[in-house]
Structures are given as structure tokens and as C-alpha cells.
Amino acid sequence: MKNQLKKKEGTPSSCESAALPSKDKMLLEQIKAQTAALNLNNVTRTMAYLNFYLHYPEIHWAFLGHVVSRNGGWNMTDLKGELLVKLLNKRRREDYFLFLERGNWLIFQDIYPQFLLYAESVKQNRNLFYLLPYLHVSVFMEVVWNDFWNRGDSYTLAIAQVINEQSYLEKRVVKNPVYQEKVLFTFEFLLQELLSFNHILFPYSEPDHEGGTALVGMTLDYFGSLHERIVLGKHLYRLLFSDQRLWRKVLGWCIAQPHTGSRKDYWPHLFNDVHEGLPGTIYKRLKKCQLKKGFPRFYSPRLEFAWKNVVQEDAEEGDWFNRWDVIYYLEKDHEKKSGDIEDDYCETLENLEFAASAKTAFSK
């Protein structure tokens, strides 16, 4: 792979399909149409990842992407939930949503065609990855998919996809001047990072746990760092796939609980998709992830009622791959992370509630 990547440096990642046989052109159009049909919103994308993984469990990123995408949906609906409405004005919340939605949409339109091309390769029992450039997929992934077709190394493919998707977002979203001005450099976004609101949660069924669902996960400390995002992706992969017992529990929960975007999906004892409280009322209801007796649950709406579907502009052209040494991210990480996150997450909820209550009180 190292030698192949060295040869590919500087090679264009897209080309015109005019010279292709008609059956290849037809396949590409089918892939584009199917991807567009499922790329409507966070819910349709998230469930598409899971459905693909259930058919092709060797493609580990599809499951990792599903669970992380659930978190993206929860972050989106938080912006219309009970607490952030008190902390952020309407314009800021809309800017944050468009930022999250653009990234979510971009990743899907890049990676799902790869999945569909793999499925067709399996169906035809032949390597079709020569078509990846016609789907504007990085030459980095063309090398990786060819390697996977020959060796079947699910780990290498999954981590390569982490590298690819985060690198794909770097210029299009993270370094985009518009999003930097409206989101990444704002006081509110920096405050969220400071208070560790960037948790990635993996729910799983645990009958003895309050609400019947326990959480493991990790926290992204600095979203603006490509390196940090790739390393976190590797840690999340290891957490999800190194323990077969945990993997089965998380997968079982995901299959049993359709994604709605509401945090009620995993903790209905704390969240509800119906607003139970009185408008404008300040509550201090939470202590160690337990609601005080008689207090309403936090409002966490379903995505379909929180945000309308967004018509996106075409993805920006260009291939991020210009350095073969990104291959060193593929080295296995043997550092074991516990994934213990519930205490930190509960503390975050308390901090968020305190901040919302304080701002409401001072604004009166």
C-alpha cells in the first residue's frame, strides 16, 4: 500500500465517464441516485449505515459510522431542545445546525457510493474499484479498497475510512472560512469544548441500569484538530470492536431502537420528545443523573420535528490526499481506553442545566 500510495500522490481523483462502457455508466448513475435518495437527513443516513452493515458486517466503518451519526443527530436536536434554546439565539442555533448538517451530508455522499460499489463488486464477484475516481473518491481510498479486496483486512479498511472522511471534511468544513466565522471561532462553540459537551456516546442495553440503557464512549477535546479527530476515530473503533460482548450489546441496542434524533432513544427516564415543563420556567432538577421527584424530563425533540431537510450544494471538488505518510495512522493502537463516560456526561448535563438556568435568571 505504501508503494501504491507513493505512486498515486498528485493523481487526480476524478475523471469524465464518457469513455466508459454503458453498463458502467448505468451503474454509476444508479449509485448516485440511491445515495441521493438516502442522503435526505441525519435519520435516513444513520439508518442506511446500519442496514448496510447488517448485510456486509466485514465493513466495520458502516457500524462505527452509524453510532457516531446517531450522536450527530442528537447534537442537531439539542439545538432545539430545552437547554441550548436558553443559551444560544436563533441565528446561532441555525448556523450550528447547518454546520453539523453539512458535515453529515458530505461524509455520506462520499462514503456511501463506496459501499454500494463494494456491494456490486461482491454481487458480480469482480473488482469494480476502478470506478471510484468517477465518483470523486480520493485515490487514497482506491488503493485501500483494492488492498481490502485482496486481503480482506477489516481493521485497515475501517481506519483508512476514518482518515479519509476526516481529511475530506478538513477543507470543506473545518477550514471553511464561513463555518470558522459562524461556528468554530464563536464564544459559544469554544465554551462547549471547554465544558466537554463533545461526547460520543455508545448506548447498550443493561436491564439493571436506570432506564435500561448504559453508556460508553469518549470525548473529542478539540474538534478543530484533524489529528485529534483521526485519533479519536481509532479509539472509538477499538472500543467498539475489541470487546465482542460490548459490540453485541451495542449492535443489539441499535437494531432494537430506531434512530429518531431524540435523546429519549437511550435515556427515556431523563429525556422526552414532548415538552413536559412550563415555558420560561427555570428548573434545577438534576443530581447525579437522577431527576428530583416531581420534576419534568428534559425536552429532546425528534429530528423530523426539529429541523427541515436541507437542499445542499454540490460537494467542493478536489482530493485531500497529497502525503503518503498518512498511512502511519493505520498502525494498530494498543492503548486501551476504558470508555467510561457516564459520570462525565452526567456532570456535563448538570453544567449545561446550571448555565441555562443562570442565563435565564440574569436575562430577567
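Fair warning: this is a prediction, and the values are worked out from it, not measured in the lab.

Rules behind the numbers
Residues numbered from 1 in each chain as written. Predicted model: local features only at pLDDT ≥ 70, side-chain atom pairs only at ≥ 80, totals over all residues. Heavy atoms only, no water. Helix = DSSP H or I, 4+ residues; strand = E, 2+ residues; numbered from the N terminus. Rg over C-alpha atoms; globule rule 2.2 N^0.38 Å. Buried < 20%, exposed > 50% of the residue type's maximum accessible area, 1.4 Å probe, protein only. Contact = heavy atoms within 4.5 Å. Areas by Shrake-Rupley, 256 points an atom, 1.4 Å probe, with all protein chains shown as cover. Disulfide = S-S within 2.5 Å. Phe/Tyr/Trp six-rings, centres within 6.5 Å; stacked < 30°, edge-to-face > 60°.

Draft legend 1. Structural view of the overall build of the protein. Tallying secondary structure elements over the protein gives 14 helices and 6 strands in all. Over its C-alpha trace the protein gives a radius of gyration of 21 Å, about what one expects of a compact globule, namely 21 Å for 364 residues. For the protein, the C-alpha atoms occupy an extent of roughly 65 × 45 × 35 Å along the three principal directions. Within the span of the protein, comprising 364 residues, buried residues form 53% of the whole. Across the protein, every contact between residues at least 6 apart in sequence was considered, and the portion connecting residues at least 24 apart equals 75%. A total of about 17,700 Å² of accessible surface is found on the protein, and carbon and sulfur atoms cover 53% of it.

Draft legend 2. Quick peek at the state of the cysteines. For the coordinates displayed, the defined rule picks out 1 disulfide. Disulfide pairing is shown between C289 and C346; the S-S distance is 1.7 Å. Disulfide C289 to C346: torsion about the S-S bond roughly -105°, handedness left-handed. One end of the pair, C289, is in the loop between β4 (286-287) and β5 (290-291); the other, C346, is in helix α14 (residues 342-363), with 57 residues separating them in the sequence. Owing to a relative accessible area of 6%, C289 belongs among the buried residues under this scheme. The structure places no disulfide on C254, whose sulfur is separated from the nearest cysteine sulfur, that of C346, by 19 Å. For C254, a relative accessible area of 0% puts it in the buried group.

Draft legend 3. Seen up close, the side chain of S300. When you line up the elements, S300 lands in the loop between β6 (298-299) and α13 (303-306). Apart from the residues within four sequence positions on either side, S300 is in contact with T77, S262, R263, K264, F271, N272 and D273.

Draft legend 4. Inspection of the packing of aromatic side chains at higher detail. The final tally for this structure, using the stated rule, is 30 aromatic pairs. A ring pair is formed by Y237 and F241, whose centres lie 4.8 Å apart and whose planes are at 25°; its orientation type is stacked. One end of the pair, Y237, and the other, F241, are both in helix α11 (residues 226-241), 4 residues apart, so they sit about a helical turn from each other. Since its relative accessible area comes to 10%, F241 is described here as buried. On the numbers, 5.9 Å between centres and 40° between planes, the contact of F271 with F298 is tilted. Here F271 is found in strand β3 (residues 271-272), whereas its partner F298 is found in strand β6, with 27 residues between them in sequence. When sorted by exposure, F271 lands in the same class as F298, which is buried.

Draft legend 5. Unusual backbone geometry, seen in detail. Of note in the backbone geometry, N125 takes a positive phi value of approximately 60° without being a glycine. Relative to the helices and strands, N125 resides in the loop between α6 (90-124) and α7 (139-151). Not every positive phi belongs to a glycine, and K288 is a case in point at roughly 55°. Relative to the elements of secondary structure, K288 occurs in the loop between β4 and β5. Note on K288: relative accessible area 68%, which makes it exposed.

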